[in-house]
Amino acid sequence: MKLEIKDLHKQFGEVEVLHGISFCVESGKALGLLGRNGAGKTTIIRIIMDMFKPNSGQVLLDGQSAWRQKVHIGYLPEERGLYPKKKVNEQIVYLACLKGMKVADAKREMCYWLSRLNVSEYANRKLSTLSKGNQQKVQLAQTLVGQPDVILLDEPFSGLDPCNSEILKNIISELIAQGKLVIFSSHQMNYVEEFCEDIVIVNQGQIVLYGNLKKIKKDFGRDRLVLSLKDRDGEETVKILQEQFRELMSVLEEQKEQTILQLKPDICKKQLISALVEADLDIESFGNYEPSLNDIFLENVGV
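Residues numbered from 1 in each chain as written. Predicted model: local features only at pLDDT ≥ 70, side-chain atom pairs only at ≥ 80, totals over all residues. Heavy atoms only, no water.

Caption draft 1: Representation of a nonpolar patch on the surface within the structure. Residues Tyr 83, Tyr 94 and Leu 98 make up a contiguous nonpolar surface patch of about 350 Å² in total accessible area. Considering the arrangement of structural elements, one finds Tyr 83 in the loop between β5 (73–76) and α2 (88–98). Given the relative accessible area of 44%, Tyr 83 is considered partly exposed. (Patch = residues over 30% accessible without salt bridge, like charges linked within 9 Å, V, L, I, M, F, W, Y side chains within 5 Å. Areas by Shrake-Rupley, 256 points an atom, 1.4 Å probe, with all protein chains shown as cover. Salt bridge = Lys/Arg side-chain N within 4 Å of Asp/Glu carboxyl O. Helix = DSSP H or I, 4+ residues; strand = E, 2+ residues; numbered from the N terminus. Buried < 20%, exposed > 50% of the residue type's maximum accessible area, 1.4 Å probe, protein only.)

Here it is, written out as structure tokens:
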């Protein structure tokens, strides 16, 4: 399957919150949907689910617009979406039946996912009596009951401790391997880097970066290097570099153990290395800069 988001515009009253959003994701892949709070991510997800209608634009699955009633969508909202005063088992089965499942099938899948997420013992308890982490796991179980083909996860690791995060990581990896189509929205960049081949960064209702994460990292790190000098701290290293090599590079960031550099236009790495060697500097480490997704995100949306 291929899900295409084409030129979405959305207004609430006189305020336009989405300004021509376009991207796509295919089965067996996860796409990271990133942005600051209020950037428009949740609005995009709700349009995909047909909870909101766009003012213009389309959401197509394999080229078809009328697909939502035929394809099972699993949605995990960032905020709690279940009934706190109802028993866990009753509401999961109830919501599964609203999606068209038979009671027996819903109960069987509910038992599987509650067991997989280590919350079977709470099946007959009211949701409000559970910890925040266990409530999140119950919501995850509800999301996955029915074997959805399209899975939308909004901050899925919220409230989970490291052990439970590991369980969820394994589940998400399995879903992707099974050919599910996953859209993953999170502020926890390490998880996005782990699962997502492609990313979309939204800022103020428009896309500021979209593409393959590996390629984006490669492009972002181009002409950027990291350097550390033996027995010199970051401040001393920066001073030496700015005094002696300002025609070859500029300092992007001073860190405790290394300094991040940007080569000047038309300057290659070999030229800088030669200059450093000629200056008889005691180089402890020198190499290509490998950006984190967090670095890329901050550069595109600001601090």
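Caption draft 2: Looking closely at the environment of Glu 79. Note that Glu 79 resides in the loop between β5 and α2. Separated by 163 residues in sequence, Glu 79 and Gln 242 place their C-alpha atoms 49 Å apart.

Caption draft 3: Quick look at the domain arrangement of the protein. Domain boundaries assigned for the protein yield domain 1 (2–217) and domain 2 (222–301). Taking only C-alpha atoms, the centre of domain 1 and the centre of domain 2 are 40 Å apart. Every contact between the two is made by 14 residues of domain 1 and, on the other side, 8 residues of domain 2. Both faces considered, domain 1 and domain 2 share a buried interface measuring about 990 Å² in area, 75% of it formed by carbon and sulfur atoms. The interface formed by domain 1 and domain 2 includes 1 residue pair in polar contact (both at pLDDT 80 or more). (Domains from an automatic or database assignment. Contact = heavy atoms within 4.5 Å. Buried area = accessible area lost by both parts, 1.4 Å probe. Polar contact = N/O pair within 3.5 Å; in protein donor to acceptor, adjacent residues only side chain to side chain.)

Caption draft 4: View of a negative patch on the surface. A cluster of acidic side chains, namely Asp 231, Glu 257, Asp 280, Asp 282 and Glu 284, defines a negative patch on the protein surface. Turning to its location among the elements, Asp 280 is positioned in the loop between α9 (269–278) and β13 (283–288). Looking at Asp 280, the relative accessible area reads 69%, which means it is exposed. (Lys, Arg positive; Asp, Glu negative; His and termini not counted. Charge placed at Lys NZ, Arg CZ, Asp CG, Glu CD.)

Caption draft 5: Structural context of the side chain of Glu 109. Take Glu 109: it is sitting in helix α3 (residues 103–116). The buried charged residue Glu 109 lacks any salt bridge partner; its closest oppositely charged side chain belongs to Arg 108, at an N-O distance of 5.0 Å. Look past the residues within four positions of Glu 109 in its chain and what remains in contact with it is Met 101, Leu 144, Val 145, Gly 146 and Gln 147.

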